[in-house]
Amino acid sequence: MVPILEVDNLTKKFSLHGKKEFYGVDHVSFSLYKGEILGLVGESGSGKSTIARLITRLTDATEGTIELDGVDITHCRGKAQRELYKKIQMVFQTPVGSFDPRKTLGNGIGESLKNQGMPAEEIRRKVVSLLTECGLSEDFADRYPHEVSGGQCQRAAIARSLACDPQLIILDEATSALDVTVQKQVMELLKKLHDEKNLSYLFICHNLALVQQFCDRVLVLCDGKIMESGTPDQIIGNPQAEYTKKLINAVFI
């Protein structure tokens, strides 16, 4: 199979206050295939979110390449970057903070459609359809982010990510700010959408139990490097790297 996303030797260096540079992401390579759910796990500061920001062009890579559907997007800007967001979307950890507090959820969900020149009436129909698909009623289109619960706001954020019919959605700790019951409901929604639309997910998460239930493959990240990869059962049941063993022991003990 041809990967939908191919990351090769991806590197991001940082420097603090002009001091010696350090690697936030250290020569990382991996592939993600159509319809696959790829987990990315590691402790806070391991580089997971930096990888997400590099792939979505929210920050620039120091070295390496990123190909989406066979096209090099490593340094795309302007129109090419806007076109990129039709193919790739991200759902963030804090749903309320990912929406403009001055605008309704409907405005946020329909913004990308407006930018494409879609008429207002058609945008409204599409927004209502997306909300319904994500388990929310039409009236949520007219509510503001602060007027809904965290779980409802995350459902709206997922609806927004679907607006342009993307090929890949990056879920950056998308359930970690939710309580356990709501988390389960959102995970069920993500699984339903994946199965119905054959979506590809990059699932960034520190919850190994969720990763084991949800992902097809897992990459273990430490200090910006991939320590090992495999199926969730391989990684959790028979870890090879010492870091992975410590990570699993810390979680499951």
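One can find Ile-4 in the segment before β1 (5-14). A relative accessible area of 4% places Ile-4 in the buried class. In contact with Ile-4, not counting residues within four places along its chain, are Leu-32, Tyr-33, Lys-34, Glu-67, Leu-68, Asp-69, Gln-167 and Ser-200.

Considering all chains together, one arrives at 14 salt bridges under this definition. A salt bridge links Glu-36 to Arg-217, with the nearest nitrogen and oxygen atoms 2.5 Å apart. You can see Glu-36 sitting in the loop between β2 (22-32) and β3 (37-41) and its partner Arg-217 sitting in strand β9 (residues 217-222), a full 181 residues away along the chain. Residue classification places Glu-36 among the buried positions, given a relative accessible area of 10%. As a salt-bridge pair, Asp-139 and Arg-143 come within 2.5 Å of each other at their nearest N and O atoms. With relative accessibility at 27%, the residue Arg-143 sits in the partly exposed group.

Cysteine pairs can be linked by a disulfide, which is a covalent bond between their two sulfur atoms. Applying the stated criterion to the full structure yields zero disulfides. No disulfide involves Cys-76; its sulfur sits 15 Å from that of Cys-164, the nearest cysteine. The closest cysteine sulfur to the non-disulfide-bonded Cys-222 is located on Cys-205, 17 Å from its own sulfur.

Over its 18 residues, helix α6 (residues 180-197) runs 26 Å from end to end, which matches the ideal 26 Å to within 8%, given 1.5 Å per residue. When we look at burial in α6, the residues that qualify are Gln-183, Val-186, Met-187, Leu-189, Leu-190, Leu-193 and His-194. Across the axial projection of α6, the buried residues extend over an arc of 160°, all falling on one side. For α6, the exposed residues set more than 90 degrees away from the buried face come down to Thr-181, Lys-184 and Glu-196. In this fold, the buried residues of α6 make contact with β3, α4 (120-133), α5 (150-162), β7 (168-172), β8 (200-204) and α7 (208-214). One side-chain oxygen of the residue at the start of α6 lies 3.2 Å from the amide nitrogen of Thr-181, identifying that residue as Asp-179. With its phi angle positive at about 55°, Asn-198 sits one or two positions after the end of α6.

In the contact formed by helix α3 (residues 105-115) and α5, the axes pass within 9 Å of each other and the chain directions differ by 20°. It follows that α3 is roughly parallel to α5 by the angle criterion. In terms of crossing hand, the pair formed by α3 and α5 is right-handed. Contacts from Leu-105, Gly-108 and Ile-109 in α3 reach Cys-153, Ala-156, Ala-159 and Arg-160 in α5. A breakdown of the residues in the contact of α3 with α5 according to their chemical character gives five nonpolar, one polar and one charged.

Each value, and the rule that gives it
- Residues numbered from 1 in each chain as written.
- Predicted model: local features only at pLDDT ≥ 70, side-chain atom pairs only at ≥ 80, totals over all residues.
- Heavy atoms only, no water.
- Helix = DSSP H or I, 4+ residues; strand = E, 2+ residues; numbered from the N terminus.
- Buried < 20%, exposed > 50% of the residue type's maximum accessible area, 1.4 Å probe, protein only.
- Contact = heavy atoms within 4.5 Å.
- Salt bridge = Lys/Arg side-chain N within 4 Å of Asp/Glu carboxyl O.
- Disulfide = S-S within 2.5 Å.
- Expected span 1.5 Å × (residues − 1).
- Arc of directions from axis to C-beta.
- Polar contact = N/O pair within 3.5 Å; in protein donor to acceptor, adjacent residues only side chain to side chain.
- Axes fitted to C-alpha atoms, helices over the stretch in contact; angles between N-to-C directions.
- Parallel < 35°, antiparallel > 145°, perpendicular 65-115°, else oblique.
- Left-handed = near helix turned anticlockwise from the far one by under 90°.
- Nonpolar A, V, L, I, M, F, W, Y, C, P; charged D, E, K, R; others polar.

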